[in-house]
Amino acid sequence: MKSGFPKNSRSSSARRRSPSVYSEPLKIKIAGKDDAPLSISQLRDGVYEAVRQLLPYDKHYRVKRVALYLTVIDENGQPVQISPTGEWTIYPYQCAAEDFDD
C-alpha cells in the first residue's frame, strides 16, 4: 500500500552544485538618468563602460554568454521591432574560412 505523502523530488543521491561551482549571473543594468530612454550612442557608451569595468578580470575569467534584452522605442515611446525574427546572434571573432563560406 502506498503512503499518502508525496515523494520528495530531490533524493539524497541527487547531485547538488556547491556554491563554489555555481554562482548567480552578474547583472549589469544600463539606465538613463531618471529612467529616461537611452539613445543608441548612450547605450554604446554604457556597454563600453561595462566592458571597461570587467577588464581587471580578463586574465582570470571568461564570459560564457551575454544576453542583452532591449525594448526599442520610436520617438513617441511605442515599442518597435528592428529585426524580423526579434533576435540577433553576434559572433565577435570569425576565422577567414567562416567569412569565405558566407
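Look up a bit, the structure's there.
About the criteria used
Residues numbered from 1 in each chain as written. Predicted model: local features only at pLDDT ≥ 70, side-chain atom pairs only at ≥ 80, totals over all residues. Heavy atoms only, no water. Helix = DSSP H or I, 4+ residues; strand = E, 2+ residues; numbered from the N terminus. Buried < 20%, exposed > 50% of the residue type's maximum accessible area, 1.4 Å probe, protein only. Areas by Shrake-Rupley, 256 points an atom, 1.4 Å probe, with all protein chains shown as cover. Salt bridge = Lys/Arg side-chain N within 4 Å of Asp/Glu carboxyl O. Contact = heavy atoms within 4.5 Å. Phe/Tyr/Trp six-rings, centres within 6.5 Å; stacked < 30°, edge-to-face > 60°.

The subject of this paragraph is the overall build of the chain. Broken down by element type, the chain carries two helices and zero strands. Counting over 102 residues, the chain shows a buried share of 5%. Split by element, the accessible area of the chain, about 11300 Å² in all, is 54% carbon and sulfur.

Applying the stated criterion across every chain yields a total of two salt bridges. For the salt bridge of Arg44 with Asp45, the shortest nitrogen-to-oxygen distance reads 3.2 Å. On the accessibility criterion, Arg44 (41% relative accessible area) is partly exposed. For Asp45, a relative accessible area of 42% translates into the label partly exposed. Where Glu49 meets Arg52, a salt bridge forms, and the shortest distance between an N and an O atom there is 2.6 Å. One end of the pair, Glu49, and the other, Arg52, are both in helix H1 (residues 40-54), three residues apart, so they sit about a helical turn from each other.

A few words on unusual backbone geometry. Despite not being glycine, Asp34 shows a phi value in the positive range, around 55°. The backbone of Asp35 shows a phi angle near 60°, a positive value even though the residue is not glycine. For Asp35, a relative accessible area of 69% puts it in the exposed group.

Time to look at the environment of Pro37. When you line up the elements, Pro37 lands in the segment before H1. Residue class for Pro37 comes out exposed when judged on its relative accessible area of 60%. With 40 residues separating them in the primary sequence, Pro37 and Gly77 have C-alpha atoms 8.7 Å apart. Beyond its immediate chain neighbours, meaning those up to four positions away, Pro37 contacts Gln42 and Ile73.

One pass over the structure, following the stated rule, counts one aromatic pair. Between Tyr57 and Tyr61, the ring centres sit 6.3 Å apart and the planes meet at 50°, which makes this aromatic pair tilted. Owing to a relative accessible area of 58%, Tyr61 belongs among the exposed residues under this scheme.

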